[in-house]
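Here's the letter readout for the chains.
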Amino acid sequence: YILRASFWRPREIIKYFAKLIEASRRNKMRKEVLSDDTVKDMLYEITEEILESEFFMEYESVFFNIRDFMNIFEETSIVFNVEKFVDIVNTFEFQGALLETQSLTDKIRNLYQLGIIGLYFPRNQLRKKNLHCSYNFVFNEGIEPFKKNEKRFFLHERDMLIILNPIFAKKLNMRYPS
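Residues numbered from 1 in each chain as written. Predicted model: local features only at pLDDT ≥ 70, side-chain atom pairs only at ≥ 80, totals over all residues. Heavy atoms only, no water.

(A) Quick look at the packing of aromatic side chains. This structure, assessed with the given rule, holds 15 aromatic pairs. For the pair Phe73 and Phe80, a centre-to-centre distance of 5.4 Å together with 70° between the ring planes defines the contact as edge-to-face. Among the residues examined, Phe73 registers a relative accessible area of 0% and is labelled buried. Centre to centre, the rings of Phe73 and Phe85 are 6.2 Å apart; their planes meet at 15°, and the pair counts as stacked. Of this pair, Phe73 sits in the loop between α3 (66-71) and β1 (79-81) while Phe85 is found in helix α4 (residues 82-91), placing the two residues 12 residues apart along the sequence. Each member of the aromatic cluster is reached from another via a ring pair, and the members are Phe63, Phe69, Phe73, Phe80, Phe85, Phe92 and Phe94. Sitting over the face of the ring of Phe56, Arg67 holds its NZ or CZ atom 4.3 Å from the ring centroid. (Phe/Tyr/Trp six-rings, centres within 6.5 Å; stacked < 30°, edge-to-face > 60°. Buried < 20%, exposed > 50% of the residue type's maximum accessible area, 1.4 Å probe, protein only. Helix = DSSP H or I, 4+ residues; strand = E, 2+ residues; numbered from the N terminus. Lys NZ or Arg CZ within 6 Å of the ring centre and 35° of its normal.)

Okay, here's the thing in structure tokens:
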């Protein structure tokens, strides 16, 4: 769960575990058990902090309207077919260092490199595409899955899906597909 709610940066993981250890020690002294809801609330609080201090503060200087872009996904599914995601990117007016003049592929590549999106491939496609994992984000599989599949954004293929990083799910009240 903790890895899903992060950008896989060591400092983020340490924040989560430090908070959990602190709460566990405090409750142990009181002879209380941490409830699942308490743990979830604590993790959400840290996630909010990470999004504000580690993500938005870091990237707003180059992607000026990154908050506006992320708000597009409020109360949507966390998973998108390629065609729908391409439509969203095409209709959004990106503002920031060089973003206005970039091609569609460059914009989507930047979203991938920032850890905002990942690519999903069904298990039966992994060997054919020479991939190791169904869920591909820059922080777990690097840029290669994107490079191997970037032309597919124009083909609207059905066997590749776009996933928003789960770290945004609670903040944006996103839904997971059933």
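(B) Summary view of the confidence of the model for the protein. On average, the protein scores 83 in pLDDT, and the residues at 70 or more come to 90%. Helix α1 (residues 10-29) is the least confidently modelled element of the protein, averaging 73 in pLDDT, while α3 averages 94, the highest of any element. (pLDDT = per-residue confidence, 0-100.)

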